[in-house]
Amino acid sequence: HHIISDGWSLGILIDEMAELYRSVVNGEAPNLPELNIQYADYAAWQRKWMEGPVFEHQLNYWRENLRSVPVLELPTDRPRPPIMTFNGSFEPVKIGRGLTTKLNALSRDQGVTLFMTLLTSFYALLNRYTGQTDICVGTPVANRARPEFENLIGCFVNSLALRVDLENDPRFVDLLLQVQDVTLSGYNHQDLPFERLVDSLGVARDKSHTPLFQVMFTLQNAANTLDMRMPSVDVEMLPSVAKTSKFDITLNLEEGSDGLEGMIEYNTDLFDRETIHRMVGHLERVLETVAEHPHLRISELPMLSDAEYRLILDEWNHQPQIYEYKDSVHSRFEKSVIQYGDRTAVKIGSESLTYNQLNAKANQLAHYLREKGVEANQLVGISLDRSIDMVVSILGVLKAGGAYVPVDPTNPQERIQFILEDAGVALLITHSAVQGSIPAGHYEPVLLDELSDELSHRPTDNLPNISGEDNRAYVIYTSGTTGKPKGVLIPHSNVIRLFTATDQWYGFNEKDIWTVFHSFAFDFSVWELWGALFFGGQAVIVPSIVAKSTEDFYQLVCEEGVTVLNQTPSAFTQFIRFDEYSREDKPDLAQQLKLRYVVFGGEALDFAALQQWNEHHGLEQPQLINMYGITETTVHVTYHRVTEKDLAQRQSLIGRPIPDLDFYILDINMNPVPVGVPGEIHVGGQGLSHGYLNRPELTDERFVPNKFGVELERDKGLYDRLYRTGDVGRLLLNGVVEYLGRIDDQVKIRGYRIELGEIESTISHCSGVRETVVLAREDSPGDRRLVAYLLMDNEEVELSDIKDQVKKSLPDYMVPKAYVCLPEFPLTPNGKIDKRALPIPGDENVAKQAYVAPRNDTEETLTEIWQEVLHLEKVGVTDNFFDLGGHSLLATQVVSRVREHFNVELALSALFEEPTIENIALHLLQAELESTDDMEMADLLAEIEGLSEEDLKNL
């Protein structure tokens, strides 16, 4: 067990056996040194040393330097399995003699060893791959520093955990000096056995990865590595060795006459060979740069090859075709009026207007607004319930030359008041029935119901156009991270090009029937409304009360013959559920579905949730399209048609960018990241907004200079900039983008960086689960935990069963501690899940084993300790401490309180290895037995009388 847990000891043993085998095969006598002492002498010396002051000194050093080491989150091709299998392979690494010579010269100039220079370059690579600044790398030491042990045969290899800080983007030479200091200090404290260090630190023994460090670096047979020589393994002779990997990755290098050669050993559960091959190329590029320019900062070190750079920045961007944008929204609508005048344009319930009628009413309102002084770019507020008047008002404002500001009357009054004041609207179009819910302000209300007679006398002809493609069309307010809404300025041209650039995929036409499902204060409505009216289609406005009822909405979609349905994934999940019900109970209704497209947006799409729909409808009719987008980039940014292959994966694919947009994934220093490496999504090009209303500082913060872009035909607005989305994604080999969530959704719990979307995707695959949302909650100060909220298809499924399923796929630190079943998720007015409205989990939501009460005084006391530490009202003696929400910090509290109550030193490792009250009770009883005399035995026997036969046998 000890040899395998060390890992390197086993490798050395295999190496030495291989060397001996070669000697025998070749007829050579093994050249073994004459030994004056035996391995047992070394073991005795080590035991004695560990009882002395030097041991305590070294232990304190490592405790100070390795406190709270974060897990290194390398970007992997597959999720990390819950139990590390050590399946591995290797990729060759070869650094030519010329570059090796330069690296040795750099090392001499800086007064360091080649080992330190290479290790520093490795740190730089890991920083650029992960974005982490606190990185710990393991390295082996021969541990034969004492002269008497120099020629002794045996397993002496120890592991050092070398931790560096890359905060504030240091220069390479400065990082090199830090690595030198850390390395030399590590050598001076190398005698402490690694396993003893892990035990002393109380590191949680997570089965998904190795403790303290997940990557290893070695330099073999080099004279300048302070005698850290490690015999190399002949891969051809021992092929099985190459099929294992102790760590996520291990960089093994050896210096020879032709330069540096070696390999990256990697875990095949996590990485594909192509990924590691690219990593080798990036390492070589870093080494080439630091050899010539060691004073560059880490962020300035180029990693991408010229071919990668061209692929990411040129071939997947800057499409040469210019899509039509020189038009205004209302002019484009007027062209539809000419072509489709007598067709139905909008409808709600039994009320409808043709294109001619809608145009006439909008013109009458526009003439009135012109008389009121509306000019180009003037902001006009609209606050109406979903109705035909809402569409008339939008068109009327645009035709008058203004830009509309949608104000949802169902919003809180505080938000409504802020929007009206921030936008400085002088006119607010509304109804008398709505006016009472709108706070008073410095605006003139335009009550359409009271003005109907007056408006009917206005001209119905089109007005002279005073606004063009670069004038504002609308200002939609989005929620700010500080809670202060911000108005996004969108010009007419952005809406026009949205449809000309995507027409190649859809081919919308006059036969299409759309639903206007979303609030007109949500930019998804821009796509819904003009997708219908630009192509002669029909826009069916969905009343609020219908939108809130899946049954009523499903019936509307069927009866109206809707062909284009736009939904957030949350809303469509409920739609799928009712479709299943209708196929059994209302087959005549279900057969009326005429959908051509279902377009997703607004939230991350869980592809697995579409499997049920696919089984009945397939993916051809309708096509399912996932479109990622942001208000600041005009509704949609990417396009991805869902395939059968997608449904079997956990990836959330958002596809490729709309061809008139620039799409980059950059690190924190605005460098393009390699394929497969996560970064922040940045968007530029023709769809970029004009920034934020009245927020120049925020505009400059979020709309940054585009150093990669090409000159656009237009010279106004922010078209030479990139919008920082705050979303995380990564490019796949085929150019498709995988969405990884919000930057602020990447939570950290006890040093682990966690993607909530990955957990949600895993839980959604569990039997009985229809939909899930996972949050990181801190309802008690200092106690942050993962909570899963579930919609269930099968209410008989036990929470503990779901948790057991999740534990088979995810590491322990990613397994939620509490599970809350809900009848439905609370939704925002835009159809997204309202995460703020999700309830605080109670004690009943913690997935536990069947309750077993304490059976003796020891278990009773331990139960009280656990309940106090975990803030739970009831704990059974078979419940797992970590399943109940425990973690390493709380575990130390348990150990401390056990010491106070029982006067026994409980090893922290015991709690990690057997984290139940009944097992800890046995540990304590055994410790008490070992220290008691015969006179106390009767009392002890009485205490353990309540134990089961099996427990007594174990004891």
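Since the structure is predicted, the reported quantities are computational estimates derived from the model, not experimental observations. Residue indices begin from 1 for each chain and proceed along its sequence in written order. Predicted model: local features are reported for residues with pLDDT of at least 70 only, side-chain atom pairs are reported and counted for 80 or more only, and whole-chain, interface and lining totals are derived from all residues. Each side-chain value is worked out from all heavy atoms of the structure, with water and hydrogens disregarded.

Caption draft 1: Representation of the overall build of the protein chain within the structure. Counting from the N terminus, the helices are the DSSP runs of H or I reaching at least four residues and the strands are the DSSP runs of E reaching at least two. From N to C terminus, the protein chain includes 33 helices and 31 strands. Accessibility here uses a 1.4 Å probe with only protein chains present; expressed as a share of the type maximum, an area under 20% marks a residue as buried, one over 50% as exposed, and anything in between as partly exposed. Across the 955 residues in the protein chain, those meeting the buried criterion constitute 56%. Residues are treated as being in contact if the distance between any of their heavy atoms lies within 4.5 Å. Summarising the internal contacts of the protein chain: among those between residues at least 6 apart in sequence, 71% fall at separations of at least 24.

Caption draft 2: Region of interest: the nonpolar core. Buried Ala, Val, Leu, Ile, Met, Phe, Trp, Tyr and Cys residues that are joined via side-chain atoms within 4.5 Å together make up what is termed a nonpolar core. By size, the foremost hydrophobic cluster in this structure holds 172 residues, and its most contacted members are Phe 217, Ile 249, Leu 358, Trp 527, Trp 530 and Leu 533. The dominant element in this core, judged by the number of residues it contributes, is helix H6 (residues 114-130), at 11 residues. If we skip the residues at most four places from it in the chain, Trp 530 touches Val 329, Phe 333, Ile 394, Leu 395, Leu 398, Val 495, Phe 499 and Phe 535. One finds Leu 593, Leu 595, Phe 600 and Leu 610 within the second-largest nonpolar core, a separate group that totals 35 residues.

Caption draft 3: Summary view of the confidence of the model for the protein chain. Mean pLDDT for the protein chain: 85, with 82% of residues reaching 70 or above. As a per-residue measure, pLDDT tells how confident the predictor is, with possible values from 0 to 100. Across residues 222-241 the pLDDT falls below 50, and counting only partners more than four positions away or on other chains, this stretch makes 43 contacts in the model.

Caption draft 4: Local environment of the pairing of strand S22 (residues 661-666). Most of S22 sits inside the fold, with 6 of its 6 residues counted as buried. Here, a strand pair is defined by DSSP locating no fewer than two bridges between the strands. The pairing of S22 with strand S23 (residues 679-685) spans 6 bridges and is classified as antiparallel. From the neighbouring strand, Leu 661 faces S23, where its bridge partner is Gly 685.

Caption draft 5: Focus on the packing of helix H5 (residues 97-110) against helix H9 (residues 273-292). Lines fitted to C-alpha atoms define the axes here, with helix axes fitted over just the stretch in contact, and angles between the N-to-C directions of these axes take values from 0 to 180 degrees. Relative to each other, H5 and H9 sit at 50°, their axes nearing to 9 Å. Taken together, the axes of H5 and H9 lie oblique to each other. Pair H5 / H9 crosses with left-handed handedness. Mapping the contact onto sequence places Leu 99, Lys 102, Leu 103 and Leu 106 in H5 and Glu 284, Leu 287, Glu 288, Val 290, Ala 291 and Glu 292 in H9. We call two directions roughly parallel when the angle between them is under 35 degrees, roughly antiparallel when it is over 145, roughly perpendicular when it lies between 65 and 115, and oblique otherwise. Less than a right angle of anticlockwise turn of the near helix away from the far helix marks a crossing as left-handed, whereas a clockwise turn marks it as right-handed.

Caption draft 6: Just unusual backbone geometry, in detail. Following Gln 621, the chain continues to Pro 622 via a peptide bond in cis, the omega torsion being 5°. Along the chain, Pro 622 falls in the loop between helix H23 (611-617) and strand S19 (623-626). For Ser 68, which is not glycine, the phi dihedral falls at a positive 55°. Along the chain, Ser 68 turns up in the loop between helix H4 (53-65) and strand S1 (88-95).

Caption draft 7: Spatial organisation of the packing of helix H12 (residues 355-371) against helix H16 (residues 448-456). Running from N to C, H12 and H16 point in directions that differ by 95°, and their axes come no closer than 10 Å. Compared by their axis directions, H12 and H16 come out roughly perpendicular. On H16, the residues that touch Gln 364, Leu 365 and Tyr 368 of H12 are Leu 448, Leu 451, Glu 454, Leu 455 and Ser 456. Any residue outside Ala, Val, Leu, Ile, Met, Phe, Trp, Tyr, Cys, Pro, Asp, Glu, Lys and Arg is labelled polar, Gly included; the first ten of those are nonpolar and the last four are charged. Grouping the amino acids of the contact of H12 with H16 by side-chain chemistry returns 5 nonpolar, 2 polar and 1 charged.

Caption draft 8: Highlighting the packing of aromatic side chains. Classification of ring pairs rests on two measures: the distance between centres of Phe, Tyr or Trp rings, Trp counted by its six-membered ring, which must be within 6.5 Å, and the angle between planes, read as stacked under 30 degrees, edge-to-face over 60 and tilted in between. Within this structure, the stated rule accounts for 37 aromatic pairs. An angle of 75° between the planes, with centres 5.8 Å apart, marks the rings of Phe 508 and Trp 527 as edge-to-face. Taken as a pair, Phe 508 in the loop between helix H17 (492-506) and strand S15 (513-516) and Trp 527 in helix H18 (residues 524-533) lie far apart in primary sequence, 19 residues in all. For the pair shown, Phe 508 and Trp 527 are each scored as buried. Judged by centre distance (5.2 Å) and plane angle (70°), the ring pair of Phe 572 and Phe 600 falls under edge-to-face. One end of the pair, Phe 572, is in helix H21 (residues 569-585); the other, Phe 600, is in strand S18 (residues 597-600), and 28 residues separate them in sequence. Assessed through its relative accessible area of 1%, Phe 572 is described here as buried. Site record: aromatic cluster; members linked through ring pairs are Phe 499, Trp 505, Tyr 506, Phe 508, Trp 514, Trp 527, Trp 530, Phe 534, Phe 535, Tyr 597 and Tyr 639. The rule is short: NZ of Lys or CZ of Arg within 6 Å of the ring centre and within 35 degrees of the ring normal puts a charge over the ring. Over the face of the ring belonging to Phe 535 we find Arg 332, whose NZ or CZ atom lies 5.4 Å from the ring centre.

Caption draft 9: Expanded view of the environment of Val 475. Secondary-structure assignment places Val 475 in strand S13 (residues 472-478). Non-local contacts of Val 475, meaning those with residues more than four positions away in its chain, are made with Leu 379, Tyr 404, Val 405, Pro 406, Gly 487, Val 488, Leu 489 and Leu 693.

Caption draft 10: Inspection of the pairing of strand S8 (residues 351-354) at higher detail. Sheet analysis places strand S7 (residues 344-348) next to S8, joined by 4 bridges and oriented antiparallel. The partner of Val 346 across the bridge, within S8, is Leu 353. Counting the residues in the hairpin turn of S7 and S8 gives 2 residues, including Gly 349, whose phi is positive at 60°.

Caption draft 11: Structural view of the side chain of Gln 538. One can find Gln 538 in strand S16 (residues 538-541). Residue Gln 538 is classed as buried on the basis of its relative accessible area of 15%. Dropping the residues within four chain positions of it, Gln 538 is found in contact with Thr 344, Ala 345, Lys 347, Asp 512, Ile 513, Trp 514, Ala 532 and Glu 560.

Caption draft 12: Main features of the pattern of salt bridges. What makes a salt bridge here is a side-chain nitrogen of Lys or Arg within 4 Å of a carboxyl oxygen of Asp or Glu, nothing more. Scanning the model with the defined rule gives 28 salt bridges in all. In this structure, Asp 660 and Arg 497 form a salt bridge, with 2.7 Å as the shortest nitrogen-oxygen distance. With Asp 660 in the loop between strand S21 (652-657) and S22 and Arg 497 in helix H17, this residue pair connects regions lying 163 residues apart in the sequence. You can call Asp 660 buried: its relative accessible area is 9%. The closest approach of N and O atoms between Glu 620 and Arg 641, which form a salt bridge, is 3.0 Å. One end of the pair, Glu 620, is in the loop between H23 and S19; the other, Arg 641, is in strand S20 (residues 638-641), with 21 residues separating them in the sequence.

Caption draft 13: Representation of the environment of Leu 313 within the structure. Along the polypeptide, Leu 313 turns up in helix H10 (residues 306-315). Judged by relative accessible area, which is 3%, Leu 313 ranks as buried. Sequence separation between Leu 313 and Phe 708 is 395 residues, and the spatial gap between their C-alpha atoms is 7.2 Å.

Caption draft 14: Broad picture of the side chain of Thr 120. Looking at where Thr 120 falls in the secondary structure, it is placed in helix H6. Classification of Thr 120 by relative accessible area gives buried; the value is 0%. When sequence neighbours within four positions are dropped, the list of residues in contact with Thr 120 reads Phe 172, Leu 175, Leu 176 and Val 179.

Caption draft 15: Structural detail: helix H26 (residues 756-764). The buried fraction of H26 is high, at 7 of 9 residues. Buried within H26 are the following residues: Leu 756, Ile 759, Glu 760, Ser 761, Thr 762, Ile 763 and Ser 764.

Caption draft 16: Highlighting helix H20 (residues 550-559). Listing the buried residues of H20 in full gives Phe 553, Tyr 554, Leu 556, Val 557 and Cys 558. On its buried side, H20 packs onto S15, S16, helix H19 (544-547), strand S17 (564-567), H21 and helix H22 (587-590).

Caption draft 17: Structural detail: the environment of Tyr 664. Inspection of the secondary structure puts Tyr 664 in strand S22. Distance from Tyr 664 to Arg 730, taken between C-alpha atoms, is 9.5 Å for residues 66 residues apart in sequence.

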